[in-house]
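# Structural overview for review
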Amino acid sequence: MSSNRSANDRKSFTNPPSVALKRPRNDSGNKVTVVLGAQWGDEGKGKVVDLLATESDIVCRCQGGNNAGHTVVVDEKEYDFHLLPSGIISTKCTSFIGNGVVIHLPGLFEEIDKNEKKGLKGWEKRLVISDRAHIVFDFHQAVDGLQEVQRQAQEGKNIGTTKKGIGPTYACKASRTGLRICDLMADYNEFSTRVKNLVQQYQSMYPALKVDADGELKKLKEYAERIRPLVRDGVYFMYDAIHGPPKRILVEGANAALLDIDFGTYPFVTSSNCTVGGVCTGLGIPPAYVGDVYGVSKAYTTRVGIGAFPTEQLNAVGELLQTRGHEVGVTTGRKRRCGWLDLVILKYAHMINGFTAIALTKLDILDVLDEIKVGVAYKINGKRVPYFPANMEVLQKVEVEYETFSGWKTDTSAVRNWNDLPPKAQNYIRFVENHIGVPIKWVGVGKSRECMIQMF
Ligand code: GDP
Ligand code: IMO
Ligand code: MG
């Protein structure tokens, strides 16, 4: 057939006529403001989101699941959010759980019950769930645990996951065996059959896996009715939010850049894109509607779980940061590993995310130190490494080059203005800002909402 084609046909085959694809105009519609973790998580995203949520109409989660633990302190009451967007405490704000999130429904309702006891009211009028979000089953959580045991037995180390079933659920999503909220909302017999098939698949892979499929399905049927009024087509919800009347839309990133499945310290990462691309795929919005992207970083570094951590301090400094900073995981209660601020990772996170500005939290934790160091470059065999190594064995080997600052040795927790910060603290902040090449917009000096210095 193709041999009969005329020269003209061939020309039009290899050079298809150009199609005038119009990009959405950048200047129409509401843009989303994004808050993302710039390190290994727990940077204080919850606090920054809370600060912005008071002025927002919609707060969205776009990825991750209840592996996240975001702390918000309001009027001395401490809330920890895992699946619920932190905006849920603001009565003027709608909270949206997007398609990129993986939802463990028993976990969601446990979280709701716990927060209701703390005074959360009217959440059902303010929560919207995307019908395309994937479901985390109890057996995904059990498989997460079994995989960790297997990793330990085979490789002598595991990842140190939160065992919330995140990896297995995203693996099901990618292998197209996952079940979504829309499936739970549709024919229940069909849903049950697919769940049972999935259980069978897992049991053939993990003979030790015990699953009470009928029990889990019965519980899910009840949860299905409780969430039915909240479920919406997320794409249309976001489209209306962007193109309707003026609205302030905020996206609350979970986990962080160095835990990103593509860009993080693989394989010691989580299973979603926690960098800016996850905002578009996890909500179904065009990139042109991503507005300001705020990166959150502690004034030092922490990490929960296993994996390379070049600036980690396994000494008295690390212990001081851990105890003074109350560095204990919100989701798992594990002690966080602590070390100096690492500007190599912050620059790398900025290359991927294009931060508009940074929130530098927990400056107050450094108040008592005589000397403060900041990692500025990595070296191997005395030679500078000009990039952030992808390979973990290489990253484990790097030596860190530090800049040393003398400590300000002054309590900053009551400071609310830049001018009232000790000059040595100002010097530290300006150095970080200049080195990354991104302005610092907020400096955190305590847990609560008002303990934040706004720079501009
Ligand atoms: P997230 O996961 O990024 O939201 O952070 P987490 O809530 O897991 O961990 C951050 C911890 O630091 C929480 O206990 C916050 O209350 C606390 N925190 C946030 N900002 C500050 C700050 O500026 N100073 C102090 N002392 N604590 C802070
Ligand atoms: P927030 O949103 C800190 C880490 C886990 C583990 C790895 C993989 O509170 O910043 P997973 O259960 O996701 O498969 O675990 O990722 N991790 C986090 N560490 N903060 C988080 O979230 C995290 N989410 C995942 O500790 O090392
Ligand atoms: Mg956290």
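Residues numbered from 1 in each chain as written. Chains lettered and ligands numbered in written order. Predicted model: local features only at pLDDT ≥ 70, side-chain atom pairs only at ≥ 80, totals over all residues. Heavy atoms only, no water.

If you check the shell around ligand 2, you find 20 residues, and the closest are Lys45, His70, Thr162, Asn255 and Thr270. Asp42 is positioned such that a nitrogen or oxygen atom in its backbone is 2.8 Å from an oxygen atom of ligand 2. The side chain of Arg334 places a nitrogen or oxygen atom 3.0 Å from an oxygen atom of ligand 2. With the chains in place, 97% of the 540 Å² that ligand 2 exposes on its own is no longer accessible. Looking at the shell around ligand 2 residue by residue, the class counts come to seven nonpolar, 10 polar and three charged. (Near = heavy atom within 4 Å. Polar contact = N/O pair within 3.5 Å; in protein donor to acceptor, adjacent residues only side chain to side chain. Areas by Shrake-Rupley, 256 points an atom, 1.4 Å probe, with all protein chains shown as cover. Nonpolar A, V, L, I, M, F, W, Y, C, P; charged D, E, K, R; others polar.)

Negative charge collects at one region of the surface, where Glu110, Asp113, Glu116 and Glu124 lie side by side. Mapped onto the elements, Glu116 comes out in helix 3 (residues 105–117). When its relative accessible area of 37% is taken as the criterion, Glu116 is described as partly exposed. (Patch = residues over 30% accessible without salt bridge, like charges linked within 9 Å, V, L, I, M, F, W, Y side chains within 5 Å. Salt bridge = Lys/Arg side-chain N within 4 Å of Asp/Glu carboxyl O. Lys, Arg positive; Asp, Glu negative; His and termini not counted. Charge placed at Lys NZ, Arg CZ, Asp CG, Glu CD. Helix = DSSP H or I, 4+ residues; strand = E, 2+ residues; numbered from the N terminus. Buried < 20%, exposed > 50% of the residue type's maximum accessible area, 1.4 Å probe, protein only.)

What follows deals with the packing of helix 12 (residues 343–353) against helix 14 (residues 423–436). The geometry of helix 12 relative to helix 14 is characterised by a closest axis approach of 9 Å and an angle of 50 degrees between their N-to-C directions. Taken together, the axes of helix 12 and helix 14 are oblique relative to one another. For the element pair helix 12 and helix 14, the recorded crossing hand is right-handed. Contacts between helix 12 and helix 14 involve Leu343, Leu346, Lys347 and His350 on the former and, on the latter, Phe431, Val432, His435 and Ile436. For the contact of helix 12 with helix 14, a count of residues per class yields five nonpolar, two polar and one charged. (Axes fitted to C-alpha atoms, helices over the stretch in contact; angles between N-to-C directions. Parallel < 35°, antiparallel > 145°, perpendicular 65-115°, else oblique. Left-handed = near helix turned anticlockwise from the far one by under 90°. Contact = heavy atoms within 4.5 Å.)

Taken as a whole, this structure holds 22 salt bridges when the rule is applied. Here Lys196 makes a salt bridge to Asp214, at a shortest N to O gap of 3.1 Å. Taken as a pair, Lys196 in helix 7 (residues 188–205) and Asp214 in helix 8 (residues 213–227) lie far apart in primary sequence, 18 residues in all. Its relative accessible area of 37% is what places Lys196 among the partly exposed residues. Under the relative-accessibility criterion, Asp214 is labelled exposed at 52%. Sharing partners across several salt bridges, the network here consists of Asp42, Lys298, Glu327, Arg336 and Lys362.

As for its placement among the helices and strands, Asn67 is situated in the loop between strand 2 (58–61) and strand 3 (70–74). Residue classification places Asn67 among the buried residues on the basis of a relative accessible area of 11%. Within the local environment of Asn67, its side chain forms a polar contact with the backbone nitrogen of Gly65, the two atoms lying 3.0 Å apart. Excluding residues that lie within four positions of it along the chain, Asn67 makes contacts with Thr162, Lys164, Ile166, Asn255, Thr270 and Thr331.

Counting 77 residues, the largest nonpolar core has Leu363 and Tyr428 as the members making the most contacts within it. At six residues, helix 12 tops the list of elements feeding residues into this core. Each residue touching Leu363, except ones within four places of it in the same chain, is listed here: Ala299, Trp408, Thr412, Leu421, Ala425, Tyr428, Ile429, Val443, Gly444 and Val445. If you look at the next biggest cluster of nonpolar residues, it comprises 44 residues, including Ile88, Ile112, Phe137 and Leu217. (Core = buried A, V, L, I, M, F, W, Y, C linked by side-chain atoms within 4.5 Å.)

Before going further, it helps to examine helix 4 (residues 138–155). Taking 1.5 Å of rise per residue, 18 residues should cover 26 Å, and helix 4 covers 26 Å from first to last C-alpha, within 8% of that figure. Taken together, the buried positions of helix 4 are Phe139, His140, Gln141, Val143, Asp144, Gly145, Gln147 and Glu148. Those residues of helix 4 that are buried are in contact with strand 8 (134–135), helix 5 (166–175), helix 7 and helix 8. (Expected span 1.5 Å × (residues − 1).)

What follows covers the packing of aromatic side chains. Tallying each qualifying case throughout the model produces 15 aromatic pairs. Between Phe109 and Trp123, the aromatic rings sit 6.4 Å apart at their centres with planes inclined by 75 degrees, giving edge-to-face as the arrangement. In this pair, Phe109 is assigned in helix 3 and Trp123 in the loop between helix 3 and strand 7 (127–130), connecting sequence segments 14 residues apart. Grouping residues by exposure puts Phe109 and Trp123 together as buried. Ring geometry for Phe137 against Phe139: centres 4.9 Å apart, planes inclined by 5 degrees, an arrangement best described as stacked. As far as the burial class goes, Phe137 and Phe139 line up, both buried. In this structure an aromatic cluster arises from ring pairing among Phe137, Phe139, Tyr188, Phe191 and Tyr202. Over the aromatic face of Trp418 sits the side chain of Arg430, whose NZ or CZ is 4.2 Å from the ring centroid. (Phe/Tyr/Trp six-rings, centres within 6.5 Å; stacked < 30°, edge-to-face > 60°. Lys NZ or Arg CZ within 6 Å of the ring centre and 35° of its normal.)

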